[in-house]
Amino acid sequence: MNKRHKVRRPTEVRRREILDAATKLFSERGYNGITLTDVAKEVGISQPGLMHYVDSKESLLSFVITEVYDKTGTPEEFLNSGLPGSDPERPLFPSYMRYLICCNSRRPTLVQLYNVLGAEAVNPEHPLHDMFTNRPASIWEHYSKIPWSIPPAIGPWDNMRPYVRHCMELFDGIQFRWLRNPPIDMYAEWLDLEGMLFPSPLWDGYVSR
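Procedures and definitions
- Residues numbered from 1 in each chain as written.
- Predicted model: local features only at pLDDT ≥ 70, side-chain atom pairs only at ≥ 80, totals over all residues.
- Heavy atoms only, no water.
- Axes fitted to C-alpha atoms, helices over the stretch in contact; angles between N-to-C directions.
- Helix = DSSP H or I, 4+ residues; strand = E, 2+ residues; numbered from the N terminus.
- Parallel < 35°, antiparallel > 145°, perpendicular 65-115°, else oblique.
- Left-handed = near helix turned anticlockwise from the far one by under 90°.
- Contact = heavy atoms within 4.5 Å.
- Nonpolar A, V, L, I, M, F, W, Y, C, P; charged D, E, K, R; others polar.

(A) Local environment of the packing of helix 6 (residues 93-105) against helix 10 (residues 186-197). Taken N-terminus to C-terminus, the directions of helix 6 and helix 10 make an angle of 155°; their axes are 9 Å apart at the nearest point. In terms of their interaxial angle, helix 6 and helix 10 are classed as roughly antiparallel. Here helix 6 runs over helix 10; the crossing is right-handed. From helix 6, P94, M97, R98, I101, C102, N104 and S105 reach across to helix 10, where they touch M186, Y187, W190, L191 and E194. Classifying every residue of the contact of helix 6 with helix 10 gives eight nonpolar, two polar and two charged.

Written out as structure tokens, the structure reads:
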């Protein structure tokens, strides 16, 4: 009789399956609500098999954040999109905010992941506590590398810090409400608020009206 041999998946394929499974489970149950055994079962492998790719639940969580969540919706991705306001020589910050909210509206699992983990990470013992605490500063630092075109009346880019903070705070609120039932139109909600953050006539010519 011919013995059946298991077909070993390519490393990158298996790694992707593990990341997808972990993303799904973390978004549904949070970091504290799952084990590596749960992830292994979701993928359809043994826990020792899973440990060939990750050495701990904490490292798996780190991979999910760096390799999945933070890989899309970046300013750099926007500058390469060819969309209105994305000219690398004169990128418009409000246009990027529209791009980001559209991007997030297409990835509900990752939005839920962010909200669930963010709530958990209020606990100082959570492995992502420092990341969420420092995230506003890291976002500001990242955005500050882009040569945004802003109204002269605003002054230097450093004066944009309150705008960036308010945008992130509104994003958090809109996205959390979007996850509830009945859901809202996230993009339409953002457009309703955009005029308050970037009012006319100050922002005329710097927002895609």
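From this point, things continue past the structure.
(B) Region of the structure containing the packing of helix 6 against helix 9 (residues 161-179). Taken N-terminus to C-terminus, the directions of helix 6 and helix 9 make an angle of 25°; their axes are 12 Å apart at the nearest point. On the basis of their axis angle, the class for helix 6 and helix 9 is roughly parallel. The hand of the helix 6/helix 9 crossing is right-handed. Every residue of helix 9 that contacts helix 6 at F93, M97, L100, I101, N104 and S105 is listed here: V164, C167, M168, F171, Q175 and W178. Here the residues of the contact of helix 6 with helix 9 are counted per class, giving nine nonpolar, three polar and no charged.

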